[in-house]
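One-letter residues, chain by chain:
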Amino acid sequence: MASVTLAGVLDHLRSSWELRDRSNVHLFHYSDSRRDLLAEMSMLARALRHGCDTGADRRLRWTRTLESMRARSSHVTTEAATGFWIDSTAFLRSGVTVEWRQLMSGADIDRYWNRVSQLAAPDLARWAHEGHVALT
């Protein structure tokens, strides 16, 4: 099994980021859906040319809750079927995207951001960490 690296993740994101202006490319970020799920789902529906009914908001909000994702963890986590994660439910432990910052020292965080700046353009780095709100 190949190891996941910061360089690999940012390169993967970069490959889509470079195509973001194409009419058939739409980028969605977890942080954006946490801020305004209905707006993100409306954008997705428009991208897919699919209408959303008025009850969609309530149903969508439940499916995006941490409890709902944990209940369906074997279906919603990356590579769950291959046994990549020891416990796919534990992978969904908090639903917070910046939890890693609590586990690192200030020097570690500085080294991290220095490495990110070497690997990604500033706009991609901001989007990768915070979603579209970082670009406004």
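Structure shown above.
This section reports on the structure supplied with the text. None of the values given here were measured: they were computed from a predicted structure. (Residues numbered from 1 in each chain as written. Predicted model: local features only at pLDDT ≥ 70, side-chain atom pairs only at ≥ 80, totals over all residues. Heavy atoms only, no water.)

**Quick notes on the overall build of the protein chain**
Then, in step 1: Helix and strand content of the protein chain: nine helices and zero strands.
Then, in step 2: Of the regular secondary structure in the protein chain, the N- to C-terminal order runs α-α-α-α-α-α-α-α-α.
Then, in step 3: Per-residue burial for the protein chain yields a buried fraction of 24% across its 136 residues.
Then, in step 4: A sequence separation of at least 24 residues applies to 51% of the contacts in the protein chain between residues at least 6 apart.
Then, in step 5: A total of about 9,700 Å² of accessible surface is found on the protein chain, and carbon and sulfur atoms cover 54% of it. (Helix = DSSP H or I, 4+ residues; strand = E, 2+ residues; numbered from the N terminus. Buried < 20%, exposed > 50% of the residue type's maximum accessible area, 1.4 Å probe, protein only. Contact = heavy atoms within 4.5 Å. Areas by Shrake-Rupley, 256 points an atom, 1.4 Å probe, with all protein chains shown as cover.)

**A word on the packing of aromatic side chains**
Then, in step 1: What the rule picks out here adds up to two aromatic pairs.
Then, in step 2: Note on W17 and W127: the rings are 5.6 Å apart at their centroids and 35 degrees apart in plane angle, and the pair reads as tilted. Taken together, the positions of W17 in helix α1 (residues 6–17) and W127 in helix α9 (residues 122–130) put the pair 110 residues apart, joining distant regions of the chain.
Then, in step 3: Classification of W127 by relative accessible area gives buried; the value is 5%. (Phe/Tyr/Trp six-rings, centres within 6.5 Å; stacked < 30°, edge-to-face > 60°.)

**With respect to the pattern of salt bridges**
Then, in step 1: In the structure shown here, the tally under the stated rule is five salt bridges.
Then, in step 2: Note that R35 and D32 form a salt bridge whose closest N and O atoms lie 2.8 Å from each other. On the criterion of helical spacing, the pair formed by R35 and D32 is a turn pair, its members being three residues apart in helix α2 (residues 30–35).
Then, in step 3: Looking at R35, the relative accessible area reads 46%, which means it is partly exposed.
Then, in step 4: Given the relative accessible area of 6%, D32 is considered buried.
Then, in step 5: For R111, the salt bridge identified is with D108, shortest N-O distance 3.4 Å. Of this pair, R111 and D108 are both found in helix α8 (residues 106–119), three residues apart, which corresponds to roughly one turn of the helix.
Then, in step 6: Under the relative-accessibility criterion, D108 is labelled partly exposed at 28%. (Salt bridge = Lys/Arg side-chain N within 4 Å of Asp/Glu carboxyl O.)

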